[in-house]
Amino acid sequence: MTNEVLLLDDYQRGALATFKKIEDGQAKMYACFKLCEEAAEVGSPVIKNIIHGKELDPNNVKLELGDAIYYIAVIAELFGFKLSEVATANRDKLLARHG
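Here's a quick rundown of the structure. (Residues numbered from 1 in each chain as written. Predicted model: local features only at pLDDT ≥ 70, side-chain atom pairs only at ≥ 80, totals over all residues. Heavy atoms only, no water.)

So, about the environment of Gly 80. In this structure, Gly 80 sits in the loop between helix H3 (58–78) and helix H4 (83–98). Separated by 17 residues in the primary sequence, Gly 80 and Arg 97 have C-alpha atoms spaced 25 Å apart. (Helix = DSSP H or I, 4+ residues; strand = E, 2+ residues; numbered from the N terminus.)

Structure, rendered in structure tokens:
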């Protein structure tokens, strides 16, 4: 494990190197559904902690967030965006909305 700062576009390039090459429409559908699955996996330990009193492992949440970022990076690429573009557009939207 390293404390190296990883730039978004560098992360995206690395993530794409591991994504299975499949037909474009299927790839988009697959990646979008996997993002939904990973988003649920981010929330699951939090729900178990709040509702069922289970111990919350923040590292598990971090790992699940990483899985979600992976699919966000893949989806961005499949639609022709750099991950940094997606982050910048979101920042700009939030600044316009909330100041």
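Examined against the element boundaries, Gly 14 turns out to sit in helix H1 (residues 8–16). What makes Gly 14 partly exposed here is its relative accessible area of 41%. Along the primary structure Gly 14 and Gly 43 are separated by 29 residues, whereas in three dimensions their C-alpha atoms are 26 Å apart. (Buried < 20%, exposed > 50% of the residue type's maximum accessible area, 1.4 Å probe, protein only.)

The terminal C-alpha atoms of H4 lie 22 Å apart, and with 16 residues this matches the ideal 22 Å at 1.5 Å per residue to within 8%. With its phi angle positive at about 75 degrees, Gly 99 sits one or two positions after the end of H4. (Expected span 1.5 Å × (residues − 1).)

This brings us to the packing of helix H2 (residues 24–52) against H3. Relative to each other, H2 and H3 sit at 160 degrees, their axes nearing to 9 Å. Considering the angle they form, H2 stands roughly antiparallel to H3. Here H2 and H3 pass one another in a crossing that is left-handed. Each residue belonging to the contact of H2 with H3 can be placed in one class, and the counts come to 16 nonpolar, one polar and seven charged. (Axes fitted to C-alpha atoms, helices over the stretch in contact; angles between N-to-C directions. Parallel < 35°, antiparallel > 145°, perpendicular 65-115°, else oblique. Left-handed = near helix turned anticlockwise from the far one by under 90°. Nonpolar A, V, L, I, M, F, W, Y, C, P; charged D, E, K, R; others polar.)

Grouped together as the largest cluster of nonpolar side chains are eleven residues: Ala 15, Leu 16, Phe 19, Ala 27, Ala 31, Tyr 70, Tyr 71, Ala 73, Val 74, Ile 75 and Leu 83. Elements with a contribution of two residues or more to this core: H1, H2 and H3. The leading source of residues in this core is H3, at five residues. Beyond its immediate sequence surroundings of up to four residues, Val 74 is in contact with Leu 16, Phe 19 and Ala 31. (Core = buried A, V, L, I, M, F, W, Y, C linked by side-chain atoms within 4.5 Å. Contact = heavy atoms within 4.5 Å.)

Three- or four-residue spacings in an α-helix give side chains the same orientation, since the helix completes a turn every 3.6 residues. An ideal rise of 1.5 Å per residue puts 42 Å on 29 residues; H2 measures up with 41 Å between its terminal C-alpha atoms. At Gly 43, H2 is deflected by roughly 25 degrees, the largest bend along its length, and proline Pro 45 occurs up to four residues later in sequence. Residues of H2 that are buried include every one of Ala 27, Ala 31, Lys 34, Glu 38, Val 42 and Pro 45, and no others. Among the structural elements, H3 are those in contact with the buried residues of H2. The residue sitting at the N-terminus of H2 and contributing the capping side-chain oxygen is Glu 23; that oxygen lies 3.1 Å from the backbone nitrogen of Gly 25. Phi turns positive one or two residues past the end of H2, at Gly 53, with a value near 70 degrees. (Bend = angle between axes of the 7 residues up to and from the residue. Polar contact = N/O pair within 3.5 Å; in protein donor to acceptor, adjacent residues only side chain to side chain.)

The next point concerns the state of the cysteines. One pass over the full model with this rule turns up zero disulfides. The structure places no disulfide on Cys 32, whose sulfur is separated from the nearest cysteine sulfur, that of Cys 36, by 7.1 Å. (Disulfide = S-S within 2.5 Å.)

Next up on the list: the layout of surface pockets. One number sums up the size of the largest pocket: a volume of about 490 Å³. Around the largest pocket, the lining comprises 16 residues; the ones closest to its centre are Leu 6, Tyr 11, Lys 62, Gly 66 and Ile 69. Contributing elements (two or more residues each) for the lining of the largest pocket: H1, H3 and H4. It is H3 that provides the largest number of residues to the lining of the largest pocket, a total of six residues. Tallied by class, the residues present in the lining of the largest pocket amount to twelve nonpolar, two polar and two charged. (1 Å grid on protein atoms, 1.4 Å probe; cavity = no way out; pocket = protein on both sides within 12 Å on 5 of 7 lines; lining within 4 Å. Points joined across faces, edges and corners; volume = space filled by probe spheres on them.)

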